[in-house]
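Observations on the model geometry
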Amino acid sequence: MARQAASLSAASWSSRALAIVARSAEALRRYDEAAQAYRSLLATPDPSSDEILFRLGTLHAERRGDHRCALAAFDELLRESPRSPRSADALAAIAQSQL
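Below or above, wherever it landed, is the structure these notes cover.

The rules we used
Residues numbered from 1 in each chain as written. Predicted model: local features only at pLDDT ≥ 70, side-chain atom pairs only at ≥ 80, totals over all residues. Heavy atoms only, no water. Buried < 20%, exposed > 50% of the residue type's maximum accessible area, 1.4 Å probe, protein only. Helix = DSSP H or I, 4+ residues; strand = E, 2+ residues; numbered from the N terminus. Contact = heavy atoms within 4.5 Å. Polar contact = N/O pair within 3.5 Å; in protein donor to acceptor, adjacent residues only side chain to side chain. Salt bridge = Lys/Arg side-chain N within 4 Å of Asp/Glu carboxyl O.

**Considering helix H4 (residues 49-64)**
Every α-helix winds through 3.6 residues per turn, so residues three or four apart in the chain are directed the same way. Restricting attention to buried positions, one finds in H4 the residues Ser49, Asp50, Ile52, Leu53, Phe54, Leu56, Gly57, Thr58, Leu59 and His60. Where H4 is buried, its residues touch helix H2 (15-27), helix H3 (31-42), helix H5 (67-80) and helix H6 (87-97). Backbone geometry just downstream of H4 places Gly65 in the positive-phi region, at approximately 70 degrees.

Structure representation (structure tokens):
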């Protein structure tokens, strides 16, 4: 699944298809593939980048145990979309990671 996503450019996939690939890989516990699909989705002109960044940060923190990448995703969300409904969630996740 991830090989297909990687072999095709992000521009050739619709945002919806990439989101399905990301969520499917996550449901199948293929977390590296899900992270790759979320990153590819960020390269598309998608208005929901705040949601994608939040999902990516959560995936890194909770499923992959990669807190450095999780913080980077949450920080990017806060920089790019400070008024997003997900901003409070990102701040809470950052605070939780500091405990």
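**Some points on the side chain of Ser87**
Position of Ser87 relative to the elements: it lies in helix H6. Assessed through its relative accessible area of 6%, Ser87 is described here as buried. A distance of 2.9 Å separates the side chain of Ser87 from the backbone oxygen of Ser81, its partner in a polar contact.

**What to know about the pattern of salt bridges**
Counted by the stated rule, this structure contains five salt bridges. A salt bridge links Arg30 to Glu33; its shortest N-O distance comes to 3.6 Å. Judged by its relative accessible area of 37%, Arg30 is partly exposed. Linking Asp32 and Arg64 is a salt bridge whose minimum nitrogen-to-oxygen distance equals 2.7 Å. Taken together, the residues span a long stretch of sequence, with Asp32 in helix H3 and Arg64 in helix H4 at a distance of 32 residues. A relative accessible area of 52% places Asp32 in the exposed class. Overall, Arg64 belongs to the partly exposed group, its relative accessible area being 33%.

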